[in-house]
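For reference, the chains in residue letters:
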Amino acid sequence: MSKRGTAVVTGASSGIGEVYAQRLAARGYDLILVARRKDRLEKIAAALQSRFAIRAETIVADLAQEAGLAEVVRKISDDASITLLVNNAGIAVIGPVSQTSAAATHNMIAVNITALTALTMAVLPAFIARNAGTIVNIGSVAGFAPFAFVPIYGPTKAYVRQFTQSLQQELQATGIRVQLVSPASTVTEGFESLGIPPSVLDPATLMTAENCVDAALEGLDNGELNTAPSLHDENLLHQFEETSTKLLMATQTGQPAPRYLLK
Ligand SMILES: NC(=O)c1ccc[n+]([C@@H]2O[C@H](COP(=O)([O-])OP(=O)(O)OC[C@H]3O[C@@H](n4cnc5c(N)ncnc54)[C@H](OP(=O)(O)O)[C@@H]3O)[C@@H](O)[C@H]2O)c1
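Note that this is a predicted model, so its numbers are computed, not measured. The residue numbers shown here count from 1 along each chain, following its written sequence. Predicted model: local features are reported for residues with pLDDT of at least 70 only, side-chain atom pairs are reported and counted for 80 or more only, and whole-chain, interface and lining totals are derived from all residues. By convention in this description, side-chain values take in all heavy atoms of the structure and omit both hydrogens and water.

Participant: Describe the overall build of the protein chain, with residues and values.
Facilitator: Secondary structure summary: the protein chain contains 8 helices and 9 strands in total. Each radius of gyration is computed over the set of C-alpha atoms, and the globule rule expresses the reference value as 2.2 Å times the number of residues to the power 0.38. Over its C-alpha atoms the protein chain spans a radius of gyration of 19 Å, differing by no more than 12% from the 18 Å that the globule rule assigns to 263 residues. With respect to the three principal axes, the spread of C-alpha positions in the protein chain is 75 × 45 × 40 Å. Per-residue accessibility, obtained with a 1.4 Å probe over protein chains only, is compared with the maximum for each type, and a residue is labelled buried under 20%, exposed over 50%, and partly exposed between these values. Of all 263 residues assigned to the protein chain, the portion counted as buried reaches 44%. Only heavy atoms enter the contact rule, under which two residues are in contact if any of them lie within 4.5 Å. For the protein chain, contacts bridging at least 24 residues in sequence account for 68% of all contacts bridging at least 6. Here the protein chain holds 20 positive side-chain charges and 23 negative ones, and the gap between their average locations is 3 Å. The way it works is that DSSP assigns letters per residue, a run of H or I at least four long becomes a helix, a run of E at least two long becomes a strand, and they are numbered from the N terminus. When charges are tallied, Lys and Arg are placed among the positive residues and Asp and Glu among the negative ones, while His and the ends of the chain are skipped. Note that the charge is assigned to NZ on lysines, CZ on arginines, CG on aspartates and CD on glutamates.

Participant: Account for the packing of aromatic side chains, naming residues and giving values.
Facilitator: Note on ring pairs: Phe, Tyr and Trp rings are taken, using the six-membered ring of Trp, and paired if centres are within 6.5 Å. Classes follow the plane angle, with under 30 degrees stacked, over 60 edge-to-face and the rest tilted. On inspection of all chains with the given rule, the structure shows 3 aromatic pairs. Taking 5.6 Å as the distance between ring centres and 70° as the angle between the ring planes, the aromatic pair formed by F144 and F240 counts as edge-to-face. In this pair, F144 is assigned in the loop between β5 (133-138) and α5 (153-170) and F240 in helix α8 (residues 234-250), connecting sequence segments 96 residues apart. For F144, a relative accessible area of 22% translates into the label partly exposed. Judged by relative accessible area, F240 falls into the partly exposed class, the value being 30%. On the numbers, 5.9 Å between centres and 50° between planes, the contact of F147 with F149 is tilted. Residue F147 is classed as partly exposed on the basis of its relative accessible area of 46%.

Participant: Lay out the environment of A132 with the relevant residues and their values.
Facilitator: Structurally, the position occupied by A132 is in the loop between α4 (102-130) and β5. The class of A132 is partly exposed, set by a relative accessible area of 31%. A sequence separation of 42 residues divides A132 from T174, and the C-alpha atoms of the two residues are 7.7 Å apart. For A132, the contacting residues outside a window of four places in its chain are F127, G175 and I176.

Participant: Just give me the short version of the pairing of β5, but keep the residues and values in it.
Facilitator: For β5, the tally of buried residues reaches 6 of 6 residues, placing the bulk of the element in the interior. The two faces of β5 match: G133, I135 and N137 on one face and T134, V136 and I138 on the other face are all buried. Relative to β5, strand β4 (residues 82-87) runs parallel, the two sharing 4 bridges. Looking across to β5, one finds that L84 is bridged to T134. Handedness of a crossover is defined as follows: orient the strands so they point away from the viewer, and if the path from the first strand over the helix to the second runs clockwise, the crossover is right-handed. You can see the chain leave β4, run along α4 and come back into β5, and the turn it takes is right-handed. Two strands pair under a simple rule: DSSP has to find at least two bridges between them. Across 6 bridges, β5 lies against strand β6 (residues 176-181) in parallel orientation. From the neighbouring strand, I138 faces β6, where its bridge partner is V181. Traced from β5 through α5 to β6, the parallel crossover comes out right-handed.

Following this line, the structure appears as structure tokens:
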């Protein structure tokens, strides 16, 4: 077994997850790679095993399906070697709510919210018992504010943000680290398949998956909790967090605001 333990990476068959798998293998983690495309996963696992002195296992599972999620939950709950979970698998569908199918909506919620939550809860008991372990949840800048192109995907990522930050509060006094990573537009298969019209995005605003993951890992190494790889002015993030907490506290008055009592 690797001294660093085992890292679980969901959605490791392409894009950001594949780069996480590469970088974590280079850091000496054994790997459990999860996704639906068996051929891709096995090719990636074999290449990493032959390049680095690590073991790479694959779990072929559909995280949008109850049975697939249950299988991964069972496997990772029982594996005491796991020290790191990267909840990266995610689905985005663009288009107005009124034109999005029930099936697409279900899958986005199932993978982006339900699976991420269940997998986090699956590793937590062992992490708490050992007072150690790391959880990295991949959110999105689309979780910061409503964005017309992704009116369902964005809110699923708002959930990831608030769930991850709530867990950070809960585990504050422990040795467990929980990082929220919020990428902006990153060139991956998933991003390209969205078919966002080129006129909407300036190519200069696109990041490579390698830069995204390397910045996120640098943030993790530096103890950062809330990492937005492409955000240069980090004060904006601090102000956003401060303002949302202030807003929550300001509602604790127990009385209707004067603007509702004008009659
Ligand atoms: N690219 C961006 O611009 C961007 C921006 C912000 C946030 N993100 C987030 O970054 C993460 C990775 O996205 P990406 O851009 O790298 O996309 P990607 O290249 O499409 O990768 C998505 C990964 O998730 C896996 N996946 C999708 N549905 C799954 C399911 N039902 N069960 C199991 N695995 C599933 C895919 O594997 P299989 O198809 O083999 O199952 C694939 O490995 C996502 O959470 C995404 O929301 C991306």
